[in-house]
Amino acid sequence: MLKFLLPPLLTLTLLGQAAHAGAQREEYLSDSVASSLRRSIADRIEPRLMFANKAEGEAWLNEMSERLKSRIPDEFVRRKLLTAIHYEATRAGLDPQMVLGLIHIESRFNRYAISPVGARGLMQVMPFWQRAIGTPEQSLFDMHTNLRYGCSILRHYLNIENGDLFRALGRYNGSLGKAEYPNLVYNAWKGHYDWNDGVGEKVAQK
């Protein structure tokens, strides 16, 4: 179980600064871990909302679509993206609202974003992951591919850190042990995409 204290609110100026996963470090993967991640990346299924009932799914989709309207004006694109985020996050055992917060910080929902060191797409995935668990033909600018990689990678880091979201987010950003990035994601998550108060893990300074 995650044990975090509620962090102080960061300023809007800090939230407005761009953060990237470009400092993410390439690390050795055991054969079993690499094989598991490859299967996760290769297993392509048409995304769908992962709710117990259709009404709850539609309520979530309508609400999140409204919140993203200023960033993604096209309703069809917006709802398609949200469906994919909910599917990939849930499939990886992640909170979809937390993943929305991460994307908010990483790329501001620009699927063609590139960091100064080459991290790409919505979740700012480093290209070395294609070599490690995928193929060069898989485009990290493709919405579904990027989300599949990003969620699988964050799940991998959570496994390494025994469920510690603070440390997993630090690994994702390449700033393990530092509070700034986890708190940025937390504040974007809770400040913009919270759903059902009190549900979800809390990230905090340590």
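Please refer to the structure placed before this passage.
Presented here is a report on the structure given in the accompanying data block. Keep in mind that this is a model prediction, so the values were computed, not measured.

## Focus on the overall build of the protein chain
- Per the secondary structure count, the protein chain includes nine helices and zero strands.
- Overall, the protein chain shows an N-to-C arrangement of helices and strands of α-α-α-α-α-α-α-α-α.
- When burial is assessed residue by residue, the protein chain has 52% of its 206 residues classed as buried.
- Of the contacts made within the protein chain by residues no fewer than 6 positions apart, 65% connect residues no fewer than 24 positions apart.
- As presented, the protein chain carries roughly 10200 Å² of accessible surface, and 53% of it is formed by carbon and sulfur atoms.

## Thoughts on the packing of aromatic side chains
- Scanning all chains against the criterion turns up six aromatic pairs.
- Both rings, one in F51 and one in W60, keep their centres 5.9 Å apart while their planes meet at 45 degrees; by these two values the pair is tilted. Both residues of the pair, F51 and W60, belong to the buried class.
- Seen in terms of ring centroids, W129 and Y157 are 6.3 Å apart; in terms of plane orientation they differ by 70 degrees. Their pairing is edge-to-face. Here Y157 lies in helix α7 (residues 143–160) and W129 lies in helix α6 (residues 128–133), a separation of 28 residues in the sequence. As far as the burial class goes, W129 and Y157 line up, both buried.

## Comments concerning the layout of surface pockets
- In this structure, the largest pocket spans a volume of roughly 210 Å³.
- Lining the largest pocket are 14 residues; nearest its centre among them are S36, L37, S152, R155 and N159.
- For the lining of the largest pocket, the elements supplying multiple residues, two or more each, are α2 (31–42), α4 (75–91) and α7.
- With seven residues, α7 is the largest single contributor of residues to the lining of the largest pocket.
- Of the residues assigned to the lining of the largest pocket, the class counts are five nonpolar, five polar and four charged.
- Taken as a whole, the second largest pocket holds about 150 Å³ of empty space.
- What lines the second largest pocket is I72, V77, K80, L81, F109, R111, L122, M143 and H144.
- For the lining of the second largest pocket, the element with the highest residue contribution is α4, accounting for three residues.

## Some thoughts on the environment of E161
- Within the fold, E161 resides in the loop between α7 and α8 (165–173).
- You can call E161 buried: its relative accessible area is 10%.
- With 10 residues separating them along the chain, E161 and R171 place their C-alpha atoms 9.3 Å apart.
- Here R171 takes part through its side chain, which lies 2.5 Å from a polar atom of the side chain of E161.

## Notes on the pattern of salt bridges
- Using the criterion set out here, one finds seven salt bridges in the structure.
- The partner of K69 in a salt bridge is E66, with the nearest N and O atoms 3.3 Å apart.
- Residue classification places E66 among the partly exposed residues on the basis of a relative accessible area of 49%.
- We note a salt bridge from E88 to R148, for which the minimum N-O separation is 2.6 Å. In this pair, E88 sits in helix α4 while R148 sits in helix α7, placing the two residues 60 residues apart along the sequence. Across the pair, R148 and E88 agree in class, each one buried.

## Overview of helix α9 (residues 180–192)
- Over its 13 residues, α9 extends 18 Å from the first C-alpha to the last, a length consistent with the 18 Å expected when each residue adds 1.5 Å.
- Across the 13 residues of α9, 10 count as buried, placing the element largely inside the fold.

Thresholds, definitions, all that
Residues numbered from 1 in each chain as written. Predicted model: local features only at pLDDT ≥ 70, side-chain atom pairs only at ≥ 80, totals over all residues. Heavy atoms only, no water. Helix = DSSP H or I, 4+ residues; strand = E, 2+ residues; numbered from the N terminus. Buried < 20%, exposed > 50% of the residue type's maximum accessible area, 1.4 Å probe, protein only. Contact = heavy atoms within 4.5 Å. Areas by Shrake-Rupley, 256 points an atom, 1.4 Å probe, with all protein chains shown as cover. Phe/Tyr/Trp six-rings, centres within 6.5 Å; stacked < 30°, edge-to-face > 60°. 1 Å grid on protein atoms, 1.4 Å probe; cavity = no way out; pocket = protein on both sides within 12 Å on 5 of 7 lines; lining within 4 Å. Points joined across faces, edges and corners; volume = space filled by probe spheres on them. Nonpolar A, V, L, I, M, F, W, Y, C, P; charged D, E, K, R; others polar. Polar contact = N/O pair within 3.5 Å; in protein donor to acceptor, adjacent residues only side chain to side chain. Salt bridge = Lys/Arg side-chain N within 4 Å of Asp/Glu carboxyl O. Expected span 1.5 Å × (residues − 1).

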